[in-house]
Structure formats: C-alpha cells, structure tokens
Amino acid sequence: MQIQTDSPTYAIPSGDHVVTMRNRKRMDITSVKSIDRFDHEEFLVRTSQGVLQINGEELRIVHLDVDKGLLTLEGTVSLMQYDEDDAGSRGFLHKLFG
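What you are looking at is a predicted structure, and each value in this text was computed from that prediction instead of being measured.

What counts as what
- Residues numbered from 1 in each chain as written.
- Predicted model: local features only at pLDDT ≥ 70, side-chain atom pairs only at ≥ 80, totals over all residues.
- Heavy atoms only, no water.
- Helix = DSSP H or I, 4+ residues; strand = E, 2+ residues; numbered from the N terminus.
- Contact = heavy atoms within 4.5 Å.
- Buried < 20%, exposed > 50% of the residue type's maximum accessible area, 1.4 Å probe, protein only.
- Polar contact = N/O pair within 3.5 Å; in protein donor to acceptor, adjacent residues only side chain to side chain.

**Considerations on the environment of Leu52**
So, step 1. Following the sequence through the fold, Leu52 ends up in strand β7 (residues 50-65).
So, step 2. For Leu52 and Tyr82, which are 30 residues apart along the polypeptide, the C-alpha to C-alpha distance reads 4.5 Å.
So, step 3. With residues near it in sequence (within four places) discarded, Leu52 still touches Val19, Ile29, Phe43, Leu44, Val45, Thr47, Met80, Gln81 and Tyr82.

Below, the structure written as structure tokens:
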C-alpha cells in the first residue's frame, strides 16, 4: 500500500483486497466479487481473497459499487472470518457429510 504524504488519502493498487474498520461500526471492503447472503446479523461477502463472513448487530449496506468492487457496511461488528473461496459455494449437505 502506498501512502500519499500530502493528504490523509491512501492509494490502493488496483485489485488489492483491503478491509478497513472504524470503531467496529463501519467497514470499507475492496475487491468484492459478490454478496452471497446478508441480513441484519450476518453478511457473506465473496472477495478476491476468499469468502468473508461478517457477524454483528444491525448490519446494513451503506454503499455498494459493483463495478469497482467496493462495499461499505455499518452496524456493530462482532466477528470477521475468512473461508476458502470455494467453501462458500458448497451446499448444506456437502458441509454435513463432506
């Protein structure tokens, strides 16, 4: 990541996956491919680095730019966890019986 010295703005190389969280209340995520599932307590976000599971309370989408792969969420975040990229696409029975 390259930091510009004349302003508080970060230059993020295209394609890099970056997660920024502010006070567990707001998240900015780059390199988002799709949102597999979401509600007020859980988001499953497919990124260039795998499936990101976000759990919390009162979660909501503030901004989504599908073309640029940018997602901003607000709410109280209690968990962030990555799974392998293909694990999120497996069905329920496959997860039970492998």
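Moving on, there is more to tell.
**A short note on the side chain of Gln53**
So, step 1. Within the fold, Gln53 resides in strand β7.
So, step 2. A relative accessible area of 15% places Gln53 in the buried class.
So, step 3. Within the structure, the side chain of Gln53 is placed 3.2 Å from the side chain of Asn55, a separation counted as a polar contact.
So, step 4. Beyond its immediate stretch of four places on either side in the chain, Gln53 contacts Glu42, Phe43, Leu44, Leu79, Met80, Gln81 and Asp83.

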